[in-house]
There are 2 protein chains.
Amino acid sequence: METGLPVAVPSTALFTDQYELTMLQAALRAGTAERRSAFEVFTRRLPEGRRYGVVAGTGRVLDAVENFRFDDQLLDFLRETRVVDEPTLRWLADYRFTGDIVGYPEGEVYFPGSPILRVEGTFAECVLLETVILSILNHDSAVAAAASRMAVAAADRPLIEMGARRTHELGAVAAARAAYVGGFDTTSDLAAGFRYGIPTVGTSAHAFTLLHDTERDAFTAQVESLGQGTTLLVDTYDVAEAVRTAVEVAGPDLGAVRIDSGDLLLVAHRVRRQLDELGADRTRIVVTSDLDEYAIASLAAAPVDAYGVGTQLVTGSGHPTCSMVYKLVARADSETPGAPLRAVAKRSTGGKTSLGGAKWAARPLDAGGVAEAEVVGTGEVPPELAGHLLQVQLVDRGTVVGREPLDTARERHRAARARLPMSATQLSRGEPVLPVEHV
Amino acid sequence: METGLPVAVPSTALFTDQYELTMLQAALRAGTAERRSAFEVFTRRLPEGRRYGVVAGTGRVLDAVENFRFDDQLLDFLRETRVVDEPTLRWLADYRFTGDIVGYPEGEVYFPGSPILRVEGTFAECVLLETVILSILNHDSAVAAAASRMAVAAADRPLIEMGARRTHELGAVAAARAAYVGGFDTTSDLAAGFRYGIPTVGTSAHAFTLLHDTERDAFTAQVESLGQGTTLLVDTYDVAEAVRTAVEVAGPDLGAVRIDSGDLLLVAHRVRRQLDELGADRTRIVVTSDLDEYAIASLAAAPVDAYGVGTQLVTGSGHPTCSMVYKLVARADSETPGAPLRAVAKRSTGGKTSLGGAKWAARPLDAGGVAEAEVVGTGEVPPELAGHLLQVQLVDRGTVVGREPLDTARERHRAARARLPMSATQLSRGEPVLPVEHV
């Protein structure tokens, strides 16, 4: 698959919370802005009952970092609204991220405390990236986690992403991308096809049947234009009559019928029997009504050939965001280049504390190739874990080095999930499937 | 408030599900594409327990309709991927919406069955707008509904939107806009300030304190740069010590302190007492930790001066999308201009049925000025309801006529909510607060 046609990405520099700029201003004045710093992205917990998380959005993060530039229009806005002072505006005008980013590659699974991403550079250049990085990872990973569970439930049957109408129009494009990473096969969203090269599908809605004087007229119009391989929607009026008409109009080589309402289990069985009786035994059945991973699983024994999923996918199946945070974990004591970094961490009694220090992570496998634990540590990596490290270099001194085709992330996710203990793919609620060990 | 600096809006034409284009192709070939049609946006239900919905995103819908154009790059994509045939591509190249849109103005409340928007024109020009209209209204209205409940809970205390990091980066901008319509006062999201002129706020995070060698150094740096009116974050280490240091550094005219963790009720009382004892009795207290409308309500008696809300706002407080649909409700029997429209509706037994016919809606008031019912009908409007109609013209024969400043929508929402029966603003679960009567 291509990574998509070229498309202009606007500056991402204002996908930023104001406090990042005011912190920059105060640090510039205090002479602390250039202190070497390391920020880490991690979660303190998975959504309740979930057994693993899925890293998604990494490729979009790399685009966002590369396009994080303050042009004159943005600087004028910040000047007119007095968000920051003139020395800070001058600093922003030259902004380019020149630091390093390492992290879990896209599609990898994660657990509470996994150091998903580490951003290293001066405090000034790193602090500005907090919001845009979290926006992307929190949104995309939430969708990918839901997609992964649905892909497990669907087993080898294809999954169609069709949730664009249920979420923000550009969130939808990112959702289609994340769903593809998590295991979906196609999308209805043309912008996702345009931007990311994800295969797009779609034929007709109830409106098309209602537009015509009879259902037969509608089916005839569709088959004449789109061919007998098309998918006819059969639940506008009476399903049994529609199936009969569909096969009469398209012949037994009709591609598929779609059912979008009713008791899908019951209706799918009836429609399959009817299609077979009509000789249309290769005509597939697509179902598309408010599905989530549980509904998909409940149809495992039904004669269903593909699932279209909307709302529950793009809203993360009950968990529309992850709880990833971006925390300063280490920084130098001075602006002197080469000054060593020391671990820092919030430590009030009210909670939200974190573990200081830049962390590595490894996932050793047992003799059967099954992951045993998520080992997270600071300092030297024990030699026996060196072959199991999870983080890769994504940005090297300001240059993006971690870009890859979306299919690579998709394959990585499938492989990473397959290496988890079997209980990872149970849909029932449970604990994270790997223990996180801090060393 | 200005409606925001000018910013280029890209074409919205690919925020479209593929089936809209394949339906267009089939209808063009069948000679039904130009049949005059009316599509309506409505919901069959509110999220469980909610008493009213809030229309938001209307202004963005108008932008999207105006920018729905297929340029060469988009047409090349559709050609290369063979989504539609050449006659359809030629039709798309000239696409401009030339029809009418009427609907509930932005900020208005709605109920199950309220005809929120009606799009009238040829089938071809209307069917293409389904996905982008639903994306915008479903997303923005979900956020506005949560915002409205939070605004009720906060009473007269200011609400700060700070959820950008928890949702898609452009979804966040729309969410800040919808939150403003629903009753929020400011946002942390600079892009929302840039695009929509919403006032932005923000000072510092824990990272700023951790960057410095001591908390005193951090507070000193912040006050020197941002002035004593700034907000100091006091829960990085020990709250009581931080408050003491904050007042020592900034003096008793310190603007505010922010508490981001712990038992907010308890801590707010303690911090208030301490500030008062230190003579900082005008220093405000801002709280910002995982708030939703219930947590805000529980702090009503606490000495809190402002609430910052993130995750629960941008995810619709448990309901990240609305269930609005876009249905063909009437169409002509032929392409002849002036042919009358007849009501149409899906009527299979499996559910998802709807009521045919283009609808008006009225909300009569009782003698005390309180709304009595949502009356929805087709055909003639009864004379006694003529003064209470809800829909306004938004697009007139292709020209946008319904654009308005965002503050107008915000004020409209406040006024519309105030006219609902008192139980509308109870946070407890209940039925829609107005019965919908079909006549």
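Being a predicted model, the structure only gives us computed values, none of them experimental.

Notes on the interface of chain B and chain A
Each partner contributes residues to the interface: chain B has 100 residues there, and chain A has 100 residues. Between chain B and chain A, a total of about 8,200 Å² is buried, with carbon and sulfur atoms accounting for 59% of that surface. Looking only at chain B, the three residues that lose the most surface to chain A are Arg165, Leu190 and Leu211 of chain B, adding up to 10% of its buried area. The interface formed by chain B and chain A includes twelve salt bridges. Across the salt bridge formed by arginine 165 of chain A and glutamate 20 of chain B, the nearest N and O atoms sit 3.8 Å from each other. In this assembly, chain B and chain A are joined by 57 residue pairs in polar contact (both at pLDDT 80 or more). Take the side of chain B that touches chain A: its biggest share by element is eleven residues, from helix α1 (residues 18-30) of chain B.

Quick look at the pairing of strand β11 (residues 306-309) of chain B
All names here are of chain B. Covered by surrounding structure in β11 are Ala306 and Gly308 together with Tyr307 and Val309, the residues of both alternating faces. Bridging between strand β6 (residues 159-161) and β11 involves three bridges; their strand directions are parallel. Looking at β11, one finds that glutamate 161 is bridged to valine 309. As judged from the two bridges shared by strand β10 (residues 284-287) and β11, these two strands associate in the parallel manner. The residue bridging valine 287 from the neighbouring strand is tyrosine 307, located in β11. For the crossover that starts at β10, traverses helix α13 (residues 293-298) and ends in the parallel β11, the hand is right-handed.

Here's the deal with the domain arrangement of chain A
Segmenting chain A into domains produces domain 1 (18-132 + 319-438) and domain 2 (203-304). The C-alpha centroid of domain 2 of chain A is placed 46 Å from the C-alpha centroid of domain 1 of chain A.

A closer look at the packing of aromatic side chains
Residue and element names in this part refer to chain B. The final tally for this structure, using the stated rule, is 14 aromatic pairs over all chains. Residues phenylalanine 68 and phenylalanine 70 carry aromatic rings whose centres are separated by 5.7 Å and whose planes lie at 80° to one another, so their mutual orientation is edge-to-face. Neither residue differs from the other here; phenylalanine 68 and phenylalanine 70 are each classed as buried. Centroid distance phenylalanine 70 to tyrosine 95: 6.4 Å. Interplanar angle 85°. Geometry classified as edge-to-face. Within this pair, whereas phenylalanine 70 is found in the loop between α2 (58-66) and α3 (72-80), its partner tyrosine 95 is found in the loop between α4 (86-93) and β3 (100-103), the two being separated by 25 residues in sequence.

So, the relation of the copies chain B and chain A
Relating the two copies of this chain is a rotation about some axis coupled with a shift parallel to it. Take chain B, turn it by 180°, move it 0.0 Å along the axis, and it overlays chain A with an RMSD of 0.0 Å. Both copies are brought into coincidence by an operation consistent with a two-fold rotation axis. Of every C-alpha in chain B, the one belonging to glycine 171 of chain B sits nearest the axis of rotation, 3.0 Å from it. Looking at chain B, 100% of its interface residues are interface residues in chain A too, so the copies touch through the same face.

Quick look at the UniProt feature "domain: Nicotinate phosphoribosyltransferase N-terminal" (unreviewed entry) in chain A
Using the residue numbers shown here, the UniProt feature "domain: Nicotinate phosphoribosyltransferase N-terminal" (unreviewed entry) corresponds to residues 14-138 of chain A. Secondary structure over residues 14-138 of chain A splits into 42% helix and 18% strand, and the C-alpha atoms at its two ends are 18 Å apart.

Some thoughts on the sheet that holds strand β11 (residues 306-309) of chain A
Within the open sheet, the six strands sit side by side as β7-β6-β11-β10-β9-β8 (chain A). Their pairing is parallel. Whereas interior strands pair on both sides, the edge strands pair on one side only; in this sheet they are β7 (186-187) and β8 (231-233) of chain A.

A closer look at helix α12 (residues 264-277) of chain A
All names here are of chain A. Taking 1.5 Å per residue, 14 residues should reach 20 Å; α12 reaches 20 Å between its end C-alpha atoms and fits that length. Among the residues making up α12, those that are buried are Leu264, Val267, Ala268, Val271, Arg272, Gln274 and Leu275. One or two steps after α12, the chain reaches glycine 279, where phi turns positive at roughly 85°.

Regarding the side chain of aspartate 100 of chain B
Checked against the element boundaries, aspartate 100 of chain B lands in strand β3. Leave out the neighbours within four places in its chain, and aspartate 100 of chain B touches Arg36, Arg118, Val119, Glu120, Gln393, Val395, Asp396 and Arg397 of chain B.

Focus: empty space enclosed by the protein
One pass over the structure, following the stated rule, counts seven cavities of 30 Å³ or more. Of the voids in this model, the largest cavity is the one considered here, and its volume is about 140 Å³. Taken together, 15 residues make up the lining of the largest cavity; nearest its centre are His139, Thr167 and Val314 of chain A together with His139 and Thr167 of chain B. Looking at the lining of the largest cavity residue by residue, the classes come out as four nonpolar, ten polar and one charged.

Remarks on the environment of valine 181 of chain B
Residues and elements named next belong to chain B. Looking at where valine 181 falls in the secondary structure, it is placed in helix α7 (residues 169-182). In this structure the C-alpha to C-alpha distance between valine 181 and threonine 408, which are 227 residues apart in sequence, comes to 8.6 Å. Setting aside residues up to four positions removed in sequence, valine 181 forms contacts with Glu106, Gly107, Leu406, Ala409, Arg410 and His413.

Thoughts on unusual backbone geometry
All names here are of chain A. Unusually for a residue other than glycine, arginine 82 sits at a positive phi of about 55°. With respect to the helices, strands and loops of the structure, arginine 82 is situated in the loop between α3 (72-80) and α4 (86-93). Residue arginine 82 is classed as exposed on the basis of its relative accessible area, which comes to 74%. Unlike most non-glycine residues, serine 317 shows phi in positive territory, near 45°. Inspection of the secondary structure puts serine 317 in the loop between α14 (311-314) and β12 (324-332). For serine 317, a relative accessible area of 11% translates into the label buried.

So, the pattern of salt bridges
Tallied over the full model, the rule gives 64 salt bridges over all chains. Of the charged contacts, one joins aspartate 140 of chain A and arginine 60 of chain A as a salt bridge, the two residues approaching to 2.8 Å between their closest N and O atoms. Remark: arginine 60 of chain A occurs in helix α2 (residues 58-66) and aspartate 140 of chain A occurs in helix α6 (residues 130-154); sequence separation between them is 80 residues. Its relative accessible area of 0% is what places aspartate 140 of chain A among the buried residues. Linking arginine 258 of chain B and aspartate 260 of chain B is a salt bridge whose minimum nitrogen-to-oxygen distance equals 3.8 Å. A relative accessible area of 10% places arginine 258 of chain B in the buried class. Linked by salt bridges that have partners in common, Arg35, Arg331, Asp333 and Arg342 of chain A together with Asp213 of chain B make up one network.

Cut-offs applied
- Residues numbered from 1 in each chain as written.
- Chains lettered and ligands numbered in written order.
- Predicted model: local features only at pLDDT ≥ 70, side-chain atom pairs only at ≥ 80, totals over all residues.
- Heavy atoms only, no water.
- Contact = heavy atoms within 4.5 Å.
- Buried area = accessible area lost by both parts, 1.4 Å probe.
- Salt bridge = Lys/Arg side-chain N within 4 Å of Asp/Glu carboxyl O.
- Polar contact = N/O pair within 3.5 Å; in protein donor to acceptor, adjacent residues only side chain to side chain.
- Helix = DSSP H or I, 4+ residues; strand = E, 2+ residues; numbered from the N terminus.
- Buried < 20%, exposed > 50% of the residue type's maximum accessible area, 1.4 Å probe, protein only.
- Pairing = 2+ DSSP bridges.
- Right-handed = clockwise from strand over helix to strand, strands pointing away.
- Domains from an automatic or database assignment.
- Phe/Tyr/Trp six-rings, centres within 6.5 Å; stacked < 30°, edge-to-face > 60°.
- Least-squares fit on C-alpha atoms with pLDDT ≥ 70 in both.
- UniProt positions renumbered as here; feature names shortened; annotations may be inferred.
- Expected span 1.5 Å × (residues − 1).
- 1 Å grid on protein atoms, 1.4 Å probe; cavity = no way out; pocket = protein on both sides within 12 Å on 5 of 7 lines; lining within 4 Å.
- Points joined across faces, edges and corners; volume = space filled by probe spheres on them.
- Nonpolar A, V, L, I, M, F, W, Y, C, P; charged D, E, K, R; others polar.

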